[in-house]
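Residues per chain, in single letters:
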Amino acid sequence: NKMIIEGYAAVFDQEVLIGSEDWGFYESIDKRAFEGANMKDVPLKYNHSDTVPILARTRNKSLTLSVDDKGLFIHAELLDTQDSIDMYKRIQAGLIDKMSFAFTVKDEEVKKGKTPHRKITRFDRIFDVSVVDVPAYDNTSIYARSLERAEAWKDSSDDEKRAEEIAILKLRNEIK
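Residues numbered from 1 in each chain as written. Predicted model: local features only at pLDDT ≥ 70, side-chain atom pairs only at ≥ 80, totals over all residues. Heavy atoms only, no water.

Caption draft 1: View of the side chain of T121. Within the secondary structure, T121 sits in strand β9 (residues 117–132). T121 gets classed as buried once you look at its relative accessible area, which sits at 15%. Look past the residues within four positions of T121 in its chain and what remains in contact with it is D30, R32, A33, D107, E108 and E109. (Helix = DSSP H or I, 4+ residues; strand = E, 2+ residues; numbered from the N terminus. Buried < 20%, exposed > 50% of the residue type's maximum accessible area, 1.4 Å probe, protein only. Contact = heavy atoms within 4.5 Å.)

Rendered as structure tokens:
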């Protein structure tokens, strides 16, 4: 009966418009940007809010962060609290299906122009990861998992993991 959620708080090599073309900039994240970033005590929040109780945290190991070829992957086991149950149900129902993260940048490459382009090459610190209503990076994701599925995932081979991920994405209509 554990409430497990997983997803991507950040994705690599996806250029997104932050703001508008008149006053914003395009941003993307390099595949090596998380190398050396401080991710020692990262909470999982809702909409980056400090007024909503934290859902999970790396410090107590209820939240784990890992970087793979796609981006910053999160795995969280939510506590049996009313806030967590409500959030889990919202994620399970697809009402909330995107993520974000709060950070500071250590290094970046900027191409100036009418609408500048920024590529983040190194993060300094990751302050939080958040399930959000409206993400900056639309290719982020969050989904609820059953304990049985999570255990099967953990015990399966890499090929089986990839096949299961594809099946989940097809069910959620994220790929054809």
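Caption draft 2: Spatial organisation of the sheet that holds strand β6 (residues 63–67). Taken in spatial order, the four strands make up an open sheet running β6-β7-β1-β10, and their pairing is antiparallel. Because the sheet does not close on itself, it has two edges, and the strands there are β6 and β10 (141–145). On average, adjacent strands in this sheet sit at an angle of 15° to one another, irrespective of strand direction. (Pairing = 2+ DSSP bridges. Axes fitted to C-alpha atoms, helices over the stretch in contact; angles between N-to-C directions.)

Caption draft 3: A look at the pairing of strand β1 (residues 3–11). Taking burial as the measure, the nine residues of β1 include nine buried ones, the bulk of the element. As paired elements, β1 and strand β7 (residues 71–78) share eight bridges and run antiparallel to each other. Following the sheet pairing, G7 is matched in β7 by I74. As paired strands, β1 and β10 are joined by five bridges and run antiparallel to one another. Counterpart to I4 in the pairing with β10 is R145.

Caption draft 4: Main features of the packing of aromatic side chains. According to the stated counting rule, one finds seven aromatic pairs in the structure shown. Geometrically, the ring pair formed by Y8 and F73 is edge-to-face, given 5.2 Å between the ring centres and 65° between the ring planes. Of this pair, Y8 sits in strand β1 while F73 is found in strand β7, placing the two residues 65 residues apart along the sequence. Side by side, Y8 and F73 carry an identical accessibility label, which is buried. Measuring from ring centre to ring centre gives 4.7 Å for F34 and F123, while their planes differ by 35°; the resulting arrangement is tilted. You can see F34 sitting in the loop between β3 (25–29) and β4 (43–46) and its partner F123 sitting in strand β9, a full 89 residues away along the chain. Residue F34 is classed as buried on the basis of its relative accessible area, which comes to 5%. F123 gets classed as buried once you look at its relative accessible area, which sits at 1%. An aromatic cluster is defined as three or more aromatic residues linked by ring pairs; in this entry it consists of F12, F34, F101, F103 and F123. (Phe/Tyr/Trp six-rings, centres within 6.5 Å; stacked < 30°, edge-to-face > 60°.)

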